[in-house]
Amino acid sequence: QVHLVESGGGLVQAGGSLRLSCACSGCTFSRYAAQWVRQAPGKEREFVARITSSGGSIVYVDSAKGRFIISRDNAKNMVYLQMNSLKFEDTAVYYCTAGPNYARLNEYWGQGTQVTVSA
């Protein structure tokens, strides 16, 4: 059974960086596309970035372009989100999700990791 676990969240000052990790157990991660989504208090869930199973295609939400980098290491069954130049509005719970393709990216979810950016 596919099990996703996020880590790497925390408290950081505006302008700082964090690297989120998503570990996949019970799966061969190279068979799954993956994405990061986030949800801030009182707001709707928001797509952040997604990556194909091979890592050959990547899409970002406009607010993340130039600041965030999604990557993966299929040999380690890991997906990452490097977040730079963090802003207060990046504060949210970040979730890793995965699925066999982009149409099924919501098939598996992690428990989420809190990112808090202080102004």
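All of the points below concern the structure found in this document.

Calculation notes
- Residues numbered from 1 in each chain as written.
- Predicted model: local features only at pLDDT ≥ 70, side-chain atom pairs only at ≥ 80, totals over all residues.
- Heavy atoms only, no water.
- Phe/Tyr/Trp six-rings, centres within 6.5 Å; stacked < 30°, edge-to-face > 60°.
- Helix = DSSP H or I, 4+ residues; strand = E, 2+ residues; numbered from the N terminus.
- Buried < 20%, exposed > 50% of the residue type's maximum accessible area, 1.4 Å probe, protein only.
- Polar contact = N/O pair within 3.5 Å; in protein donor to acceptor, adjacent residues only side chain to side chain.
- Contact = heavy atoms within 4.5 Å.
- Disulfide = S-S within 2.5 Å.

### Considerations on the packing of aromatic side chains
Argument step 1. Considering all chains together, one arrives at two aromatic pairs under this definition.
Argument step 2. Seen from their ring centres, Y32 and Y108 are 5.9 Å apart, and the 80° between their planes marks the pair as edge-to-face. Of this pair, Y32 sits in the loop between β3 (18-25) and β4 (33-39) while Y108 sits in strand β10 (residues 108-109), placing them 76 residues apart in sequence.
Argument step 3. Taking relative accessible area as the criterion, Y108 reaches 23% and is therefore assigned partly exposed.
Argument step 4. With a centroid separation of 5.7 Å and an interplanar angle of 70°, the aromatic rings of Y95 and W109 are classed as edge-to-face. With Y95 in strand β9 (residues 92-99) and W109 in strand β10, this pair connects stretches of sequence that are 14 residues apart.
Argument step 5. Overall, the relative accessible area of 18% leaves Y95 in the buried class.

### Concerning unusual backbone geometry
Argument step 1. Notably, N77 is not glycine yet its phi reads approximately 55°, a positive angle.
Argument step 2. Within the secondary structure, N77 is located in the loop between β7 (68-73) and β8 (78-83).
Argument step 3. A positive phi is found at S85, a non-glycine position, where the angle reads about 50°.
Argument step 4. Here S85 lies in the loop between β8 and β9.
Argument step 5. The class for S85 is partly exposed, based on a relative accessible area of 41%.

### Digging into the side chain of R67
Argument step 1. Tracing the backbone shows R67 in the loop between β6 (58-60) and β7.
Argument step 2. Here R67 falls in the buried class, since its relative accessible area comes to 10%.
Argument step 3. Here S85 takes part through its backbone oxygen, which lies 3.0 Å from a polar atom of the side chain of R67.
Argument step 4. Only 2.7 Å separates the side chain of R67 from the side chain of D90, close enough to count as a polar contact.
Argument step 5. The residues contacting R67, other than those within four sequence positions of it, are Q82, M83, N84, S85, L86, K87 and D90.

### Notes on the environment of S7
Argument step 1. In this fold, S7 is placed in strand β1 (residues 3-7).
Argument step 2. For S7, a relative accessible area of 38% corresponds to the partly exposed category.
Argument step 3. If we skip the residues at most four places from it in the chain, S7 touches R19, L20, S21 and T113.

### Description of the state of the cysteines
Argument step 1. Evaluated as defined, the whole model comprises two disulfides.
Argument step 2. Note that C22 is cross-linked by a disulfide to C96, the S-S spacing being 2.1 Å. For the disulfide bridge between C22 and C96, the dihedral angle about the S-S bond is near -75°, and by the sign convention the bridge is left-handed. In this pair, C22 sits in strand β3 while C96 sits in strand β9, placing the two residues 74 residues apart along the sequence.

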